[in-house]
There are 2 protein chains.
Amino acid sequence: MNQQEAIRSLEAIDREYVLLSHISGVLVWDQEQVPPAGAEERATQLGLLDRKMYELTASDTVGEILDALGASDVAEAGDPSLDERTGALVRHYWENWNRQRKLDADFVQQFSELTGRAHQIWAQARQDDDFSLYEPTLSEIIELVRQKAQRFGYTDDPYDPLLNVFEPGTTTAEVSQVFSAMQKDILEVLEYVREEHAAIDDSFLSQSFPQDKQAAFAHDILDAMGYDWNRGVSGIATHPYSISLGSDDIRITTRYTEPQVTSPLFSSIHEAGHALYEMGASNARTRGTSLANGASLAFHESQSRLWENMVGRSKAFWSRFYPRLQHLFPLQLDKVDTEQFYRAVNRVKPSCIRVDADEVTYGLHIILRFNLERQLLTGQLEVSDLPDAWNTAMEVLLGIRPESDRTGVLQDIHWSMGELGYFPTYALGNLYGAQILDTMQQDLPVDEVIGSGDFSPIRQWLTDHILQHGAIYRPKDLLIKVSGHALDARHFRDYLQRKYIGEN
Amino acid sequence: MNQQEAIRSLEAIDREYVLLSHISGVLVWDQEQVPPAGAEERATQLGLLDRKMYELTASDTVGEILDALGASDVAEAGDPSLDERTGALVRHYWENWNRQRKLDADFVQQFSELTGRAHQIWAQARQDDDFSLYEPTLSEIIELVRQKAQRFGYTDDPYDPLLNVFEPGTTTAEVSQVFSAMQKDILEVLEYVREEHAAIDDSFLSQSFPQDKQAAFAHDILDAMGYDWNRGVSGIATHPYSISLGSDDIRITTRYTEPQVTSPLFSSIHEAGHALYEMGASNARTRGTSLANGASLAFHESQSRLWENMVGRSKAFWSRFYPRLQHLFPLQLDKVDTEQFYRAVNRVKPSCIRVDADEVTYGLHIILRFNLERQLLTGQLEVSDLPDAWNTAMEVLLGIRPESDRTGVLQDIHWSMGELGYFPTYALGNLYGAQILDTMQQDLPVDEVIGSGDFSPIRQWLTDHILQHGAIYRPKDLLIKVSGHALDARHFRDYLQRKYIGEN
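Remember, predicted model here, so these are calculated numbers, not experimental data.

1. Here's the deal with the overall build of chain A
Step number 1: Within chain A one finds 22 helices and three strands.
Step number 2: The buried share of chain A, reckoned over its 504 residues, is 46%.
Step number 3: Across chain A, the fraction of contacts at a sequence separation of at least 24, relative to all contacts at a separation of at least 6, is 73%.

Right under this line is the structure:
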């Protein structure tokens, strides 16, 4: 097999892999429509697709192709005879192949079917507020995750290989270090604003706001962001998410579960931030390949959080858009002025639910999960002790204790999916986002752009500097390419201080 | 490979095949949600799944398994060492393997991608009422269908192998013969009722009927039929259909496109008839296999049409349910009595659109398509001459000429899917349905059961005699098993005469 043949073969395999992963996305999108009795077989279907994707990318054939391309050297040092895109594809497959070969198809299918079934069990346990319904399944999952980490292997920390699935090249030690700094910074801001923010009235956000008008407002904001309706759809789901069902079929969901006006909006902006990344990453160079993707989950999250918090919760944003919102909901908002509204949507208040957390305390929720995951992985903590450990950690970090497991350990879906190593990327996303924003501000008058109501200069800047590269660069390299230096928690600290202390 | 190993291997292959076909069903169900730019890649995804299913079932491995099982003899004469279910599975794979091996994976994928793309082209052409937009694509499709028929091979008629995909063991000559009889019978009834039915006022059916109340009424009727909401979902689509996305995920759609009250209802009943078949065919013996299916498309259609027409358009049905409908829509139906309503929903009137046709003239629409398909296949008719040929045939058979291609040759989706040989099964379904009804009436006071508002005795009879067998028997054998004799058009003739002449 010569180099050209090897590249063509790898591209054909990658094409099929991406098609299968998009097909899997259709099954996930449809998940909430499955009738009760159909749920178990849906998990089997997803398991089959996972197995097919595994067999395709971890095959002996891929091993031979990678050999023929000298993939180990390509991944290490690059290969001047390959263009940047092809080099990245080889590196990507090399890293994945080495990891996947340490599993096998049966393990992958077992993992997939178990976590597929776990979804409903978790949902039921959460609904019934009964951790004991979930405990046996979660124990099985954690056991498989432990096996997975052992199979992947590691030098320093068993958490490293799990983290690296989502954040290639980042170590647990590095995360620990930036999280320590972040924790200190957050607690400082929290201390500063505690009293003042406790007095902020945000009760007017929780009234009945007709859903159709909320959707119309969100639609306008998504238009301003440049969400491309020709390539996407917005739906309704219990848990908001964004997902690619095709190169030009990049969807988002939102939820309207409570009589509340900003939560669905911010969730739409957040998911549209993810979708814009996928839309921008799927371009002439990368379309239909594994590279038409974010550089990593933390990079992905940097986009969603930059749009949600740094744009959507900014003073410039509400100066521009609040009059329109007020016009839509005169009954509900007539007596609320822009400043009051701005303060309400930025109110800092320790609470139990991660997805409802303000942008200051959010990181503490992640630190809690990061610590528990590491303890679960080493066996230092068993699943049966998890609810207590959770509640104690909440008290230590946030000063509150959940009243029930529903608002405690049962709140998140991720562990039911077996996805340990995922949570840290959320807080890393905040850190990346602040670092990117600081860089963007050197080129653009960001507040002025936001205030204009047309965000296309921001989208264009992000496209030029981040989105268009898809997954071609390693996340660490891309961050340096964008901002000139490695991850530094001080950008996020400065952002919080400017917003919550400096301007007070 | 001994017999036991061969059976286990075949069952594993069949299991994967069924999972892939259900996955494909999810993609079809989601089709209407795909954003415009995503349509082309969705077709590619479906093409990949078709290719996978083809490679799985037409493989050398399947050939070896079938050899080891002496499948040729099993299919011909049965094998006493195999239970009925296993024998049927072997026969099914043997027939399919012999057919599929005459194609190849590239041909299958090409066919699938072409027809996948054709969907939007056809829809656009229909919307714009411009056959020329569709003609090149349809020509390509017909050319591939011709190749397919040649590859499959035939003894008497090139249409035979296409028909046999949907109706195993039935010949074109047999269909021609029963269709001739049916045509004569229909024209006789049509002549008899023409004047009288022209005078029937059905204008009150076409008013504005709030959709939520229509849906509630349909829900009640589906409950009475025994549609299992734990295993199914009812949605809205442009073209009503039923589809299995899993053994316990059997969905139906309806449409509310016009201000009309009975069309969505009858379409719901029709699709629920299909769904009941799938639900009944998926049982302890057949679950998750290719046998958890109707015996053939005509058998499938016999169920949907029996429920839609013979139950849903009966006097007993409306005697029972009309008061409830009238109560839901007092403004619209206050001045209409049960007899008027019954006559309106059974009004016989030649019209251009097949799916709107009454149960008398419906068969003529099928005969038209059957004739054109045979001519297209032999090249006696070219696609460019199709609109004219269509309109002329409409005049000859139904005495009317479509005003546009939209209400003529562009009305149906089937040819865009490359599915020649499919249409005849609709009319065969009417014939099967009448033959089944005559048999059922020997065991059950059908009208009385319908009038009681609880259709479970009918569903139970159908389950015992037809549904529970899934695809274990050949359709011809099953019809004899149920009714004691081979297909005979006189049952349908008698049904029409009883309903439209005898009772007049």
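Okay, back to it.
2. Quick look at the environment of A:Leu190
Step number 1: In this structure, A:Leu190 sits in helix α9 (residues 172-198).
Step number 2: A tally of 21 C-beta atoms within 10 Å means that A:Leu190 is categorised as buried.

3. Considering the nonpolar core
Step number 1: The biggest cluster of nonpolar side chains holds 272 residues, and the ones touching the most others in it are A:Met225, A:Ala272, A:Leu431, B:Met225, B:Ala272 and B:Leu431.
Step number 2: Element by element, the count of residues in this core is highest for helix α18 (residues 423-443) of chain A, at ten residues.

4. Observations concerning the sheet that holds strand β3 (residues 249-254) of chain B
Residue and element names in this part refer to chain B.
Step number 1: Taking strand neighbours across the sheet as the criterion, the three strands line up as β1-β3-β2 in an open arrangement whose pairing is mixed. The outermost strands of the open sheet, each flanked by one partner alone, are β1 (234-236) and β2 (242-246). Here the strands of the sheet are splayed against their neighbours by 35° on average, with no regard to which way each runs.
Step number 2: Strand contacts of helix α1 (residues 3-30): β2 and β3, with the helix running at about 130° to β2, the strand carrying the most contacts.

5. Remarks on unusual backbone geometry
Residues and elements named next belong to chain A.
Step number 1: One non-glycine residue, aspartate 129, lies in the positive phi region at around 50°.
Step number 2: When you line up the elements, aspartate 129 lands in the loop between α6 (105-128) and α7 (131-152).
Step number 3: By the C-beta count within 10 Å, which is 14 here, aspartate 129 ends up partly exposed.

6. Points about the pairing of β2(B)
Residues and elements named next belong to chain B.
Step number 1: Across the five residues that make up β2, a large majority, five, are buried.
Step number 2: Of the pairings in the sheet, the one linking β2 to β3 comprises four bridges and is antiparallel in character. Across the sheet, the residue bridging to serine 244 is isoleucine 250, located in β3.
Step number 3: Between β2 and β3, which follow one another and run antiparallel, lie two residues.

7. Comments concerning the relation of the copies chain B and chain A
Step number 1: Note on the identical chains: chain B maps onto chain A by a rotation of 180° and an axial translation of 0.1 Å, with an RMSD of 0.0 Å. Here the two chains are linked by the operation of a two-fold rotation axis.
Step number 2: Mapped onto chain A, 100% of the interface residues of chain B are again interface residues, and the two copies thus contact each other with one and the same surface.

8. A short note on the pairing of strand β3 (residues 249-254) of chain A
Step number 1: Of all six residues that make up β3(A), six are buried, and the element is covered over most of its length.
Step number 2: Judged by which residues are buried, β3(A) turns out to be covered on both faces: A:Asp249, A:Arg251 and A:Thr253 on one side and A:Ile250, A:Ile252 and A:Thr254 on the other are all buried.

9. Describing the interface of chain B and chain A
Step number 1: Contact with chain B, which involves 28 residues of that partner, is made by 28 residues of chain A.
Step number 2: The set of elements that each furnish at least two residues to the side of chain B that touches chain A consists of α1 and α2 (39-57) of chain B.
Step number 3: Top contributing element to the side of chain B that touches chain A by residue count: α1(B), with eight residues.
Step number 4: Split by residue class, the side of chain B that touches chain A holds twelve nonpolar, nine polar and seven charged.

10. Here's the deal with the domain arrangement of chain A
Residues and elements named next belong to chain A.
Step number 1: Segmenting chain A into domains produces domain 1 (3-154) and domain 2 (172-502).
Step number 2: A separation of 26 Å is found between the C-alpha centroids of domain 1 and domain 2.
Step number 3: Listed as interface residues are 34 residues of domain 1 and, on the opposing side, 31 residues of domain 2.
Step number 4: Listed by contribution, the elements that provide at least two residues to the side of domain 1 that touches domain 2 are α1 (3-30), α5 (84-100), α6 and α7.
Step number 5: Ranked by residues supplied to the side of domain 1 that touches domain 2, first place goes to α7 with eleven residues.
Step number 6: Of the residues contributing to the side of domain 1 that touches domain 2, the split by class is 19 nonpolar, six polar and nine charged.

11. Some words on the sheet that holds strand β2 (residues 242-246) of chain A
All names here are of chain A.
Step number 1: The sheet built from three strands is open, its strands ordered β1-β3-β2 with mixed pairing. Sheet topology places β1 (234-236) and β2 at the edges, where each strand pairs with a single neighbour. The sheet shows a mean angle of 35° between the axes of neighbouring strands, taken without regard to direction.
Step number 2: By the bridge criterion, three bridges tie β1 to β3 in an arrangement that is parallel. By the bridge assignment, isoleucine 236 is partnered in β3 with threonine 254.

12. Here's the deal with helix α11 (residues 262-281) of chain A
Step number 1: If you check α11(A), its first and last C-alpha atoms are 28 Å apart, about what 20 residues at 1.5 Å a residue would give, namely 28 Å.
Step number 2: In terms of burial, α11(A) is a largely internal element, 18 of the 20 residues being buried.

13. Concerning the packing of helix α6 (residues 105-128) of chain B against helix α7 (residues 131-152) of chain B
Residue and element names in this part refer to chain B.
Step number 1: Relative to each other, α6 and α7 sit at 155°, their axes nearing to 8 Å. Between α6 and α7, the interaxial angle falls into the category roughly antiparallel. Of the two elements, α6 crosses α7, and the hand of that crossing is left-handed. Across from Phe111, Leu114, Thr115, Ala118, Ile121, Trp122, Gln124, Ala125 and Asp128 in α6, the residues of α7 making contact are Phe131, Leu133, Tyr134, Thr137, Glu140, Ile141 and Leu144.
Step number 2: Per-class residue counts for the contact of α6 with α7 are eleven nonpolar, three polar and two charged.

14. Structural notes on the environment of B:Pro323
Step number 1: Of note, B:Pro323 is situated in helix α13 (residues 315-328).
Step number 2: Put simply, B:Pro323 and B:Val345 are 22 residues apart on the chain and 15 Å apart in space, counted from C-alpha to C-alpha.

15. Quick word on the packing of α11(A) against helix α12 (residues 297-311) of chain A
When two helices pack together, their arrangement is given by the angle between the helix axes and the distance between those axes.
Residue and element names in this part refer to chain A.
Step number 1: Contact geometry for α11 and α12: axes closest at 7 Å, N-to-C directions at 140°. Between α11 and α12, the angle is such that the two are oblique. Pair α11 / α12 crosses with right-handed handedness. Contacts from Phe266, Ile269, His270, Glu271, Ala272, Gly273, His274, Leu276 and Tyr277 of α11 reach α12 at His300, Gln303, Ser304, Leu306, Trp307 and Glu308.

16. Quick look at the confidence of the model for chain A
Close inspection of predicted coordinates is inappropriate for parts of the model with low pLDDT.
Step number 1: In this model, chain A carries a mean pLDDT of 95, and residues with pLDDT of at least 70 account for 100%.
Step number 2: The ipTM for the predicted assembly is 0.92, set against a pTM of 0.93.

17. Describing the environment of B:Val62
Residue and element names in this part refer to chain B.
Step number 1: Of note, valine 62 is situated in helix α3 (residues 60-68).
Step number 2: Note on valine 62: 24 C-beta atoms within 10 Å, which makes it buried.
Step number 3: Between the alpha carbons of valine 62 and tryptophan 94 there is a distance of 8.8 Å; along the sequence they are 32 residues apart.
Step number 4: Filtering out sequence-adjacent residues up to four positions away, valine 62 remains in contact with Ile13, Thr57, Tyr93 and Trp97.

Reading the values: the criteria
- Residues numbered from 1 in each chain as written.
- Chains lettered and ligands numbered in written order.
- Predicted model: local features only at pLDDT ≥ 70, side-chain atom pairs only at ≥ 80, totals over all residues.
- Helix = DSSP H or I, 4+ residues; strand = E, 2+ residues; numbered from the N terminus.
- Buried ≥ 20, exposed ≤ 12 C-beta atoms within 10 Å, placed from the backbone.
- Contact = placed C-beta atoms within 7 Å.
- Core = buried A, V, L, I, M, F, W, Y, C linked by C-beta atoms within 7 Å.
- Pairing = 2+ DSSP bridges.
- Axes fitted to C-alpha atoms, helices over the stretch in contact; angles between N-to-C directions.
- Least-squares fit on C-alpha atoms with pLDDT ≥ 70 in both.
- Nonpolar A, V, L, I, M, F, W, Y, C, P; charged D, E, K, R; others polar.
- Domains from an automatic or database assignment.
- Expected span 1.5 Å × (residues − 1).
- Parallel < 35°, antiparallel > 145°, perpendicular 65-115°, else oblique.
- Left-handed = near helix turned anticlockwise from the far one by under 90°.
- pLDDT = per-residue confidence, 0-100.

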